[in-house]
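Read off the chains here:
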Amino acid sequence: MAAKPKIAVYWTGGCGGCDVSFLELGPALLDVLAQVEIAFWPALVDTKRSEVEAFPPRSIAATLVNGTLRTEENVEMVHLLREKSQLVVAFGACAYQGGVPGLANLSPRDQLLRRVARNGFRPAPPPGGETEDAPPELLPEAKALADEITVDYVVPGCPPMPPLIGLLFDALLSGDLPAPGHVFAHDKALCEECPRTREERRLTKVVRPHELIPDPEVCLLDQGMICLGPVTRGGCGAACPKAGMPCTGCVGPTPEAGDPGLAMISALGSLARAGEEGPGAFAAEDKLLDALVDPLGTFYKYSLPTYVRRKGGNG
Amino acid sequence: MAEAPFEPRVVAFLCRWCAGAGADLAGTSRLHYPPNAVAIRVNCSGRVEPEWVMEAFRSGADGVLIGGCHPGDCHYVSGNYKTRRRIYLLKKLLAEIGIEPERVRLEWVSATEGAKFARVMKEFVTELKQLGPLNLEREEEKPSAAPVLPQVGS
Ligand code: FES
């Protein structure tokens with residue numbers, strides 16, 4: 001019997017949701033697990049780093065990394081795993097474009113440490129307490145996986161949805177691999193698979209999700225919710241818009257949109273109306289757009305480290 | 001050697017029907033204005049994507065000027081209104097990122113307003129000198145610090 005391909009799943013600065021997302025495959029997960037050998041998966045199996053270091057180069061068929069790169073240890077581990085793996089997959093929004101923890105890049109590192117850790121914070125000593133090891137250093141900025149190592153494929157989403165995870169395993173297990181750089185999601189915008197109907201094609205107000213129970217049939221943008229559907233890849237089945245929540249862009253922008261924030265600004269600038277266009281409407285248009293209180297956090301919720309480099313860096 | 005004084009680099013997107021013609025008039029009228037801008041002629045200010053503004057910054061611009069027709073005069077009826085809303089949002093985003101929103105300037109300049117174009121350029125360059133260089137992370141090699149000669153359309 002031919003040896004089963006080895007896979008690894010690793011987490012860096014993530015929330016654990018990506019590891020849990022595999023369970024959403026349901027019984028299909030059992031089929032997948034029957035066909036692979038788990039070489040390393042800290043959420044499931046106790047394998048020490050020293051054991052990974054002893055693996056021969058490229059002995060892991062595919063490593064799925066989730067989480068943003070936040071500490072020096074994250075960086076060391078992904079370099080190690082890159083060396084040991086034939087394929088590396090950025091799994092989830094954090095590994096792909098920096099993710100929600102990437103929003104921390106809006107504050108300099110020192111400020112973050114002061115705010116989060118104050119001055120007395122020390123991690124609990126390990127059982128036995130015999131080691132004086134310091135926690136790994138925080139990087140100056142959160143980074144996407146591709147900022148450090150070559151990434152072969154991407155499974156986007158926060159966390160990745162079962163259909164997208166399924167696409168990855170179909171490809172890995174069949175050996176029918178797409179071209180390097182492939183993102184396992186649609187190239188077309190989410191709107192293409194959203195069942196809601198667009199009528200007005202105008203943005204006449206801006207409301208936040210808690211302020212409105214939306215009509216179940218009508219496009220959320222038409223109802224004033226800032227939905228990122230027009231600039232976001234489909235493939236998730238439009239789960240959020242179907243449930244009355246605007247898309248927040250977790251699958252990442254379409255190739256056509258590129259930078260999601262700039263593409264949304266372009267779209268909203270076209271759509272926004274406060275009565276008949278002209279100088280008489282300028283003040284009302286500004287007021288309408290002011291209701292979008294946090295363009296940065298709204299448009300780059302999952303991708304700040306990829307698209308926004310601040311003046312003078314973040315040191 | 002003494003360091004050369006800071007000369008801001010400006011990218012000016014000018015619509016061909018009004019602002020571009022106004023800039024041409026400033027030139028043919030021999031008006032004096034600072035030579036810090038590279039002019040890019042577009043059919044309508046409504047064609048200017050926010051992405052282009054950021055591209056200009058990433059490529060080393062310290063300021064971006066967008067010149068369009070006065071309200072009611074846009075050759076395509078409402079391109080300038082669309083741009084006004086986009087630039088309004090873009091400035092909000094820039095403020096959050098930590099880039100001074102004043103580095104983006106939207107002006108209405110008609111084909112007869114050569115003098116206004118010259119005044120806008122003077123004001124903008126003065127303001128950018130006060131703000132100092134942008135120093136956005138560059139995608140390419142840092143271009144030379146020499147001011148670039150204006151060239152309107154082709
Ligand atoms: S043609 Fe000048 S702004 Fe539209």
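Here, every reference points to the structure presented above.
What you see is a predicted model; the values in this text were computed from it and never measured.

Visitor: Please provide a residue-by-residue account of the interface of chain B and chain A, values included.
Guide: At the interface, 27 residues of chain B touch 29 residues of chain A. Together chain B and chain A conceal approximately 2,600 Å² of surface at their shared face, both sides included; 58% is due to carbon and sulfur atoms. Summed over the three residues of chain B that lose the most area to chain A, namely B:R85, B:L89 and B:E96, the buried surface amounts to 27% of that side. Summed over the shared surface of chain B and chain A, the number is five salt bridges. Here B:R84 and A:E285 are joined by a salt bridge, their closest N and O atoms 2.8 Å apart. Between the two partners, chain B and chain A, sit 14 residue pairs in polar contact (both at pLDDT 80 or more). Put simply, the parts of the chain that give the side of chain B that touches chain A at least two residues each are helix 2 (50-58) and helix 3 (79-97) of chain B. Ranked by residues supplied to the side of chain B that touches chain A, first place goes to helix 3 of chain B with 12 residues.

Visitor: Provide a residue-level description of the nonpolar core, including the pertinent values.
Guide: Ranked by size, the top nonpolar core spans 94 residues in total, and within it A:L145 and B:F57 carry the most contacts. The residues touching B:F57, leaving out its near neighbours within four places in the chain, are B:D62, B:G63, B:V64, B:L94, B:R103, B:V104, B:L134 and B:L136. Core analysis: the next-biggest nonpolar cluster, separate from the first, contains 18 residues, B:V10, B:A12, B:A19 and B:A26 among them.

Visitor: Give a detailed account of the packing of helix 9 (residues 260-271) of chain A against helix 2 of chain B, specifying residues and quantitative values.
Guide: Closest axis-to-axis distance for the helix 9 of chain A/helix 2 of chain B pair is 8 Å, and the angle between their directions is 140 degrees. Compared by their axis directions, helix 9 of chain A and helix 2 of chain B come out oblique. Only B:P50, B:E51 and B:M54 of helix 2 of chain B make contact with helix 9 of chain A, whose side of the interface consists of A:L262, A:I265 and A:S266. Class assignment of the residues belonging to the contact of helix 9 of chain A with helix 2 of chain B gives a composition of four nonpolar, one polar and one charged.

Visitor: Just give me the short version of the environment of A:V155, but keep the residues and values in it.
Guide: Residue and element names in this part refer to chain A. Along the chain, V155 turns up in strand 7 (residues 153-155). Through-space distance from the C-alpha of V155 to that of F91 is 4.9 Å; in sequence the pair is 64 residues apart. What V155 contacts, discounting residues up to four positions off in sequence, is V89, A90, F91, G92, P160, L164, I165, L168 and F184.

Visitor: So what's going on with the packing of aromatic side chains? Which residues, and what values?
Guide: The geometry of an aromatic ring pair is captured by the separation of the ring centres together with the interplanar angle, meaning the angle of the planes. Residues and elements named next belong to chain A. Inspection of every chain in the model, using the stated rule, returns nine aromatic pairs over all chains. Ring plane angle 10 degrees and centroid distance 4.8 Å describe the contact between F22 and F91, whose orientation is recorded as stacked. Here F91 lies in strand 5 (residues 85-91) and F22 lies in the loop between helix 1 (17-21) and helix 2 (28-34), a separation of 69 residues in the sequence. Of the residues examined, F22 reaches a relative accessible area of 3% and is grouped as buried. A centroid spacing of 6.3 Å and a plane angle of 55 degrees characterise the contact between F22 and F169, whose relative ring orientation is tilted. Placement of the pair is F22 in the loop between helix 1 and helix 2 and F169 in helix 7 (residues 162-174), with a sequence separation of 147 residues. F169 matches F22 in its accessibility class, with the two residues each being buried. What links up through ring pairs into an aromatic cluster is the set F22, W41, F91 and F169.

Visitor: So what's going on with the pairing of strand 2 (residues 37-42) of chain B? Which residues, and what values?
Guide: All names here are of chain B. Here strand 1 (residues 10-15) runs beside strand 2; their pairing, made up of six bridges, is parallel. Looking at strand 2, one finds that V10 is bridged to A37. In this fold, the crossover linking strand 1 to strand 2 by way of helix 1 (residues 19-28) has right-handed handedness.

Visitor: I'd like a description of the side chain of A:Q97, backed by residues and values.
Guide: All names here are of chain A. Within the secondary structure layout, Q97 lies in helix 5 (residues 93-97). Within polar-contact distance, the side chain of Q97 engages the side chain of Y307 at 3.1 Å. If near-sequence neighbours (up to four positions away) are discounted, Q97 is found in contact with A144, G252, P253, Y302, S303, L304, P305, T306 and Y307.

Visitor: A description of helix 4 (residues 114-131) of chain B should follow, citing residues and the corresponding values.
Guide: Residue and element names in this part refer to chain B. With 18 residues, helix 4 extends 26 Å from end C-alpha to end C-alpha; this agrees with the ideal 26 Å at 1.5 Å per step. Among the residues of helix 4, those classed as buried are G114, K116, F117, A118, V120, M121, F124, V125 and L128. Buried positions along helix 4 lie against strand 1, helix 1, strand 2, strand 3 (63-68) and strand 4 (104-108). Downstream of helix 4 by a residue or two, G132 has a phi angle that is positive, lying close to 85 degrees.

Visitor: How would you summarise the sheet that holds strand 1 of chain B if you had to cite specific residues and measurements?
Guide: All names here are of chain B. Read from one edge to the other, the open sheet built from four strands follows the order 2-1-3-4, with strand pairing classed as parallel. The open sheet is flanked by strand 2 and strand 4, the only strands paired with a single partner. Between one strand and the next, the sheet's axes are offset by a mean angle of 20 degrees, whatever the strand orientation. Strands strand 1, strand 2, strand 3 and strand 4 of the sheet are contacted by helix 2, whose axis makes an angle of about 145 degrees with strand 3.

Criteria and thresholds
- Residues numbered from 1 in each chain as written.
- Chains lettered and ligands numbered in written order.
- Predicted model: local features only at pLDDT ≥ 70, side-chain atom pairs only at ≥ 80, totals over all residues.
- Heavy atoms only, no water.
- Contact = heavy atoms within 4.5 Å.
- Buried area = accessible area lost by both parts, 1.4 Å probe.
- Salt bridge = Lys/Arg side-chain N within 4 Å of Asp/Glu carboxyl O.
- Polar contact = N/O pair within 3.5 Å; in protein donor to acceptor, adjacent residues only side chain to side chain.
- Helix = DSSP H or I, 4+ residues; strand = E, 2+ residues; numbered from the N terminus.
- Core = buried A, V, L, I, M, F, W, Y, C linked by side-chain atoms within 4.5 Å.
- Buried < 20%, exposed > 50% of the residue type's maximum accessible area, 1.4 Å probe, protein only.
- Axes fitted to C-alpha atoms, helices over the stretch in contact; angles between N-to-C directions.
- Parallel < 35°, antiparallel > 145°, perpendicular 65-115°, else oblique.
- Nonpolar A, V, L, I, M, F, W, Y, C, P; charged D, E, K, R; others polar.
- Phe/Tyr/Trp six-rings, centres within 6.5 Å; stacked < 30°, edge-to-face > 60°.
- Pairing = 2+ DSSP bridges.
- Right-handed = clockwise from strand over helix to strand, strands pointing away.
- Expected span 1.5 Å × (residues − 1).

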